[in-house]
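Geometric and topological summary
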Protein chains: 2
Amino acid sequence: MALAHKGLPFERNKVSFTQVPEVEGGVFKTVPVIRDGNQVVGDSFLIAVYLEDSYPDRASLFAGQGGQAMARFIESWTNATLHATLRDIAMMGIHEGLAPVDQAYFRATREARMGMTLEQTAQGRDAALKALPGTLMPLRLMLKSQPWIGGASPLFADYIVFGALQWVRLTSPDTLLETGDPVAEWFERCLDLHDGLGRSVPARATLHRS
Amino acid sequence: MALAHKGLPFERNKVSFTQVPEVEGGVFKTVPVIRDGNQVVGDSFLIAVYLEDSYPDRASLFAGQGGQAMARFIESWTNATLHATLRDIAMMGIHEGLAPVDQAYFRATREARMGMTLEQTAQGRDAALKALPGTLMPLRLMLKSQPWIGGASPLFADYIVFGALQWVRLTSPDTLLETGDPVAEWFERCLDLHDGLGRSVPARATLHRS
């Protein structure tokens, strides 16, 4: 989304969990990683900062230093609250969609990190589905005053939150939001951006009831 | 805090709840309200926008359009999650500090709005105190990458969150945060800003254990 926002051409390489150590010599523990000529950058926030600094004449991802700083708050909110809720919803669905070698890796690393089995996280699934609308209340409230986190048009901060929900759209059979929820409408607008880039990846299920 | 940030001289008028209809002809239902020459502006966010637009050559409150837009997200997060938690902690303490006429007004309006008595909100006090550190997790996580919501220096978004905690610092006898909590350290930095403007208002209790 950040590359499309900047109008930069790019090729994508699909990478499975166990292939991450093969990406660019294995210096990054996670994806996304981008290569731009001789520059290699990992971590989605640092990639956005790199693109902003390297292509200042193209559409801004932050609309100023304040926007860059506050996008860090939105990233932290997404990680601390939204991902925590989505995790219990999505964990088993992600596992189901993986090849056996990646399933083994995914199970071992995630169970160690969470201190519980994947099946145990799934036991929190109904509670997480019920909690999700409340978790998204800050975004819902903000949407009363503007259509994007970026204000009149989307910025990288929108893509941070979009990415979390898109992750679940692609992996989970669950219906997360009610139609008519301003957050569902914002998510649909995100899917339409950049010639429907987000929508071009098929959903496992619709993200909201229709 | 916004006026001090802009380096503008100002006089303050203390206003009790029942005096709000007397402020500037009663056109505003809430305070703060500022008068700047012939201009009268209410609502703290709109005041900040007014100051930013009217005094563009002074220190910025938003550091760009992105920062202004994302401050709306931080305001929504503060209202949806932080105020909801702080309310149960502070409600009885605010009531105790009011004159009788304001106590009656405060009780009637707040109980109607909340659909419960002040004493009932106070029953949620222990749970709210326990929940507060988790509520502040997005800020705590963000403080790992930068000292202010505004980045290297404070912006209006910092004052939004500071204002919510300062409200409780002035009205509640409770200890809200543990010393050493990065959020408590950020709050102390806020109290130091602008020659200790926030600290100049005496606390009912320290906000964190020392």
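Only a predicted model underlies this, so the values are computations on that prediction, with no experimental measurement involved.

Glancing now at the overall build of chain A. Per the secondary structure count, chain A includes nine helices and two strands. Listing the helices and strands of chain A from first to last along the sequence gives α-β-β-α-α-α-α-α-α-α-α. Dimensions of chain A along its principal axes, counting C-alpha atoms only, are 50 × 45 × 30 Å. Looking at chain A as a whole, 47% of its 210 residues qualify as buried. Long-range pairs, those at least 24 residues apart, make up 67% of the contacts in chain A with a sequence separation of at least 6. By element, 53% of the accessible surface of chain A is carried by carbon and sulfur atoms, the whole surface being about 10,300 Å². Put simply, chain A has 20 plus and 23 minus side-chain charges, and the middle of one group is 3 Å from the middle of the other.

The subject of this paragraph is the nonpolar core. Within the largest apolar cluster, 109 residues are counted, with the highest numbers of intra-cluster contacts made by A:W186, B:L139 and B:W186. Take this core: its biggest share by element is 12 residues, from helix α3 (residues 65-96) of chain B. Counting residues domain by domain, this core receives three or more from each of domain 1 (2-54) and domain 2 (65-196) of chain B. Apart from residues lying up to four places away in sequence, A:W186 is in contact with A:L139, A:L143, A:P147, A:W148, A:D158, A:V161, A:F162 and A:L165.

Here we take up the relation of the copies chain A and chain B. Here chain A sits on chain B after a turn of 180° about the axis and a move of 0.0 Å along it, with an RMSD of 0.0 Å. With respect to symmetry, the two chain copies, as superposed, fit the operation of a two-fold axis. No C-alpha of chain A approaches the rotation axis more nearly than that of A:G67, which lies at 2.0 Å. Take the interface residues of chain A: 100% of them recur as interface residues in chain B, which is what a same-surface contact looks like.

Moving on, we come to the packing of α3(B) against helix α4 (residues 100-114) of chain B. Residue and element names in this part refer to chain B. For the pair α3 and α4, interaxial distance at closest approach is 9 Å and the crossing angle is 155°. Here α3 lies roughly antiparallel to α4, going by the angle between them. Crossing geometry of α3 relative to α4 is assigned as left-handed. Judged by residue contacts, R87, M91, I94, H95 and E96 of α3 engage Q103, F106, R107, R110 and M114 from α4. For the contact of α3 with α4, a count of residues per class yields four nonpolar, two polar and four charged.

Right, let's get into the confidence of the model for chain A. Residues with a pLDDT of 70 or more make up 97% of chain A, whose mean pLDDT is 94. Scoring the predicted complex yields pTM 0.94 and, for the interface, ipTM 0.94.

What follows deals with the side chain of A:D158. Residues and elements named next belong to chain A. Within the fold, D158 resides in helix α8 (residues 156-171). The side chain of D158 sits in the buried core without any salt bridge; R189 is the nearest counter-charge, 7.3 Å away. A distance of 2.9 Å separates polar atoms of two side chains, one belonging to D158 and the other to W186. Sequence-distant contacts of D158, defined by excluding residues within four places in its chain, comprise W148, I149, G150, S153 and W186.

As a further point, take the interface of chain A and chain B. Listed per partner, the contact involves 29 residues of chain A and 29 residues of chain B. Taken over both partners, the interface formed by chain A and chain B buries close to 2,100 Å², and the fraction arising from carbon and sulfur atoms is 80%. The largest share of the area that chain A buries against chain B comes from A:M70, A:F73 and A:P138, three residues that together contribute 33% of it. Where chain A touches chain B, the interface holds zero salt bridges. Here chain A and chain B share six residue pairs in polar contact (both at pLDDT 80 or more) between them.

Residues and elements named next belong to chain B. Mapping F106 onto the fold places it in helix α4. For F106, a relative accessible area of 2% translates into the label buried. For the pair F106 and N79, spaced 27 residues apart in sequence, the C-alpha separation works out to 19 Å. Setting aside anything within four residues of it in sequence, one finds F106 in contact with F17, M91, I94, H95, L98, E111 and L118.

Note: strand β1 (residues 33-36) of chain B against strand β2 (residues 39-42) of chain B, four bridges, orientation antiparallel. Its bridge partner lying in β2(B), B:V33 is registered against B:G42.

What follows deals with the packing of helix α3 (residues 65-96) of chain A against α3(B). Interhelical geometry of α3(A) versus α3(B) gives an angle of 30° and a closest axis separation of 8 Å. By the criterion of interaxial angle, the relationship of α3(A) to α3(B) is roughly parallel. Two packed elements cross with a definite hand, and for α3(A) against α3(B) that hand is left-handed. Residues A:G66, A:G67, A:M70, A:A71, A:F73, A:I74 and A:W77 of α3(A) touch α3(B), and the partners they reach there are B:G66, B:G67, B:M70, B:A71, B:F73, B:I74 and B:W77. Taken together, the residues of the contact of α3(A) with α3(B) sort by class into 10 nonpolar, four polar and no charged.

Moving on: the environment of B:F187. Summarising the element assignment, B:F187 is placed in helix α9 (residues 182-196). Residues B:F187 and B:W148, 39 residues apart in the sequence, show an inter-C-alpha distance of 10.0 Å.

Further remarks concern the packing of aromatic side chains. Residues and elements named next belong to chain A. Per the stated rule, a full pass over the model turns up 14 aromatic pairs over all chains. Consider the rings of F162 and F187, whose centres lie 5.2 Å apart with planes at 35°: the pair is tilted. Of this pair, F162 sits in helix α8 while F187 sits in helix α9 (residues 182-196), placing them 25 residues apart in sequence. Accessibility assignment for this pair places F162 and F187 in one class, buried. Joined through ring pairs, the aromatic side chains of F17, Y105 and F106 make up one cluster. Directly above the ring of W148 sits R189, whose terminal nitrogen or CZ lies 5.4 Å from the centroid.

Each value, and the rule that gives it
Residues numbered from 1 in each chain as written. Chains lettered and ligands numbered in written order. Predicted model: local features only at pLDDT ≥ 70, side-chain atom pairs only at ≥ 80, totals over all residues. Heavy atoms only, no water. Helix = DSSP H or I, 4+ residues; strand = E, 2+ residues; numbered from the N terminus. Buried < 20%, exposed > 50% of the residue type's maximum accessible area, 1.4 Å probe, protein only. Contact = heavy atoms within 4.5 Å. Areas by Shrake-Rupley, 256 points an atom, 1.4 Å probe, with all protein chains shown as cover. Lys, Arg positive; Asp, Glu negative; His and termini not counted. Charge placed at Lys NZ, Arg CZ, Asp CG, Glu CD. Core = buried A, V, L, I, M, F, W, Y, C linked by side-chain atoms within 4.5 Å. Domains from an automatic or database assignment. Least-squares fit on C-alpha atoms with pLDDT ≥ 70 in both. Axes fitted to C-alpha atoms, helices over the stretch in contact; angles between N-to-C directions. Parallel < 35°, antiparallel > 145°, perpendicular 65-115°, else oblique. Left-handed = near helix turned anticlockwise from the far one by under 90°. Nonpolar A, V, L, I, M, F, W, Y, C, P; charged D, E, K, R; others polar. pLDDT = per-residue confidence, 0-100. Salt bridge = Lys/Arg side-chain N within 4 Å of Asp/Glu carboxyl O. Polar contact = N/O pair within 3.5 Å; in protein donor to acceptor, adjacent residues only side chain to side chain. Buried area = accessible area lost by both parts, 1.4 Å probe. Pairing = 2+ DSSP bridges. Phe/Tyr/Trp six-rings, centres within 6.5 Å; stacked < 30°, edge-to-face > 60°. Lys NZ or Arg CZ within 6 Å of the ring centre and 35° of its normal.

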